[in-house]
Amino acid sequence: DAGVIQSPRHEVTEMGQEVTLRCKPISGHDYLFWYRQTMMRGLELLIYFNNNVPIDDSGMPEDRFSAKMPNASFSTLKIQPSEPRDSAVYFCASSLLGKENIQYFGAGTRLSVL
Amino acid sequence: AQKVTQAQTEISVVEKEDVTLDCVYETRDTTYYLFWYKQPPSGELVFLIRRNSFDEQNEISGRYSWNFQKSTSSFNFTITASQVVDSAVYFCALSADNFNKFYFGSGTKLNVKP
């Protein structure tokens, strides 16, 4: 079975540009999570969805960050405009609550904002 | 409040040594789940184990074993006869009141030298 798929794996952009990260969760999973990992702050939950509906976005750092889940098999995390302090690894994870409650992570997107 | 502490920032061992990674958690909930994830140098987060609060049995999987002790709020992870491929950052995580929200520790970097 395919795991969580994220694209791109690496993104280098210049300050002020729009960045879009993409995620395809495991088929059948009803929860999707976006995390950010930095050396200083570790793994931070940004937002999560249940059945495509955002449930908790309290971890989204600023209005420059937005996330959508238009259908059960696709989600995006957008940063506009990007800033150097947004440089981090962004992970997407999915889970099936009620059965395992295990979050399965994608390979991550390493974002560098110059 | 939910919290996970991994006091060992980095551990170095020589191949074939046994090593234990410590995890201490805090929660007031009686029902909770504990997890271990591995993050190898390639960057992805790999699920290793989930344990619920009602099951204090130790678990062994090959060279890996986990010791869950509610009395000390600990969920320690032991690798027996370590190998170079075990080199990674290991994260302990807790989910409690909201089983969708994972509280991750800061991780322990394990270096296994040949």
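Worth saying up front: this structure is predicted, and the values here are computed from it rather than measured.

Section: the sheet that holds strand β3 (residues 19-24) of chain A
Residue and element names in this part refer to chain A. Reading across the sheet, the 4 strands line up as β1-β3-β8-β7 and stay open at both edges, with antiparallel pairing between neighbours. A strand with exactly one partner marks an edge of an open sheet, and here the two such strands are β1 (5-7) and β7 (65-71). Averaged over all pairs of adjacent strands, the angle between their axes in this sheet comes to 15°, without regard to strand direction. In this sheet, strand β8 (residues 74-79) lies alongside β3 in antiparallel orientation, the contact comprising 5 bridges. Bridge assignment links cysteine 23 to a residue of β8, and that residue is serine 75.

Structural notes on the pairing of strand β10 (residues 88-95) of chain B
Residue and element names in this part refer to chain B. Of all 8 residues in β10, 7 are buried, a share of seventy percent or more. Relative to β10, strand β5 (residues 33-39) runs antiparallel, the two sharing 7 bridges. Across the sheet, the residue bridging to leucine 34 is leucine 94, located in β10. Sheet topology note: the β10/strand β12 (residues 108-113) ladder contains 3 bridges and is antiparallel. Residue tyrosine 90 lies in a different strand from β12, and its bridge partner there is threonine 108. Of the pairings in the sheet, the one linking β10 to strand β11 (residues 103-104) comprises 2 bridges and is antiparallel in character. Its bridge partner lying in β11, leucine 94 is registered against tyrosine 103.

As for the layout of surface pockets
Vacant regions in the atomic arrangement are exposed by a probe of water-molecule size rolled over the atoms. In this structure, the largest pocket encloses a volume near 750 Å³. As for the largest pocket, its lining consists of 31 residues, and the residues nearest its centre are Gln37 and Met39 of chain A together with Gln39, Val89 and Phe91 of chain B. Listing elements by their share of the lining of the largest pocket, those giving two or more residues are β4 (31-38), β9 (88-95) and β11 (109-113) of chain A together with β10 and β12 of chain B. Its residues placed into classes, the lining of the largest pocket shows 11 nonpolar, 16 polar and 4 charged. The volume enclosed by the second largest pocket comes to roughly 170 Å³. Of all elements in the fold, only β5 (42-50) of chain A together with β1 (3-5) and β11 of chain B reach the threshold of two or more residues within the lining of the second largest pocket. Of the residues belonging to the lining of the second largest pocket, the class tally is 7 nonpolar, 4 polar and 3 charged.

A few points about the nonpolar core
Judged by nonpolar contacts, the single largest core of 24 residues is most densely connected at Trp36, Phe77, Tyr90 and Leu110 of chain B. Within the residue set of this core, elements represented by two or more residues are β2 (10-14), β3 (19-21), β5, β8 (64-69), β9 (74-79), β10 and β12 of chain B. Examining the composition of this core, we find that 4 residues originate from one element, β10 of chain B, more than from any other. Among the nonpolar cores identified, the runner-up in size contains 21 residues, and Leu32, Phe49, Leu111 and Val113 of chain A belong to it.

Re the interface of chain B and chain A
Residue-level contacts link 18 residues of chain B with 20 residues of chain A. Across the chain B to chain A interface the summed buried area is about 1500 Å²; carbon plus sulfur atoms make up 55%. Note that aspartate 56 of chain A and lysine 101 of chain B form a salt bridge whose closest N and O atoms lie 3.1 Å from each other. At the junction of chain B and chain A, the tally comes to 5 residue pairs in polar contact (both at pLDDT 80 or more).

What counts and how
- Here the residue index of a chain counts from 1 through its sequence in written order.
- To read the labels, note that chains go from A and ligands from 1, taken in the order they are written.
- Where local features are concerned, this predicted model is filtered to residues with pLDDT of at least 70; where side-chain atom pairs are given and counted, the filter is 80 or more; whole-chain, interface and lining totals use all residues.
- Excluding hydrogens and water, the side-chain figures rest on all heavy atoms present in the structure.
- One requirement defines pairing of two strands: DSSP has to find at least two bridges between them.
- For the purposes of this entry, the term helix denotes a DSSP run of H or I that reaches at least four residues, the term strand denotes a run of E that reaches at least two, and both are numbered from the N terminus.
- Axis definition: a line fit to C-alpha positions, over the contact stretch in the case of helices; interaxial angles, taken between N-to-C directions, run 0 to 180 degrees.
- Each residue is assigned to one of three classes by its accessible area relative to the maximum for its type, calculated with a 1.4 Å probe on protein chains only: buried under 20%, partly exposed between the two thresholds, exposed over 50%.
- Residues are called lining when one of their atoms sits within 4 Å of a cavity or pocket point, these points coming from a 1 Å grid over the protein atoms alone, where a cavity is a set in which a 1.4 Å probe fits but cannot get out and a pocket is an open set with protein on both sides within 12 Å along at least five of seven lines.
- Grid points are joined across faces, edges and corners, and a volume is the space filled by probe spheres set on the points.
- When residues are sorted by character, Ala, Val, Leu, Ile, Met, Phe, Trp, Tyr, Cys and Pro go into the nonpolar class, Asp, Glu, Lys and Arg into the charged class, and all the rest, Gly among them, into the polar class.
- We define a nonpolar core as any set of buried Ala, Val, Leu, Ile, Met, Phe, Trp, Tyr and Cys residues linked to one another through side-chain atoms lying within 4.5 Å.
- Contact criterion: two residues are considered in contact whenever any of their non-hydrogen atoms come within 4.5 Å of each other.
- The term buried area refers to how much accessible surface (probe radius 1.4 Å) is lost by two components on association, counted for both of them together.
- Salt bridges are counted wherever a side-chain nitrogen of Lys or Arg sits within 4 Å of a carboxyl oxygen of Asp or Glu.
- Distance and chemistry together define a polar contact, namely a pair of N or O atoms within 3.5 Å, with one atom able to donate a hydrogen and the other to accept it when in protein, and with adjacent residues in sequence counting only for side-chain atoms on both sides.

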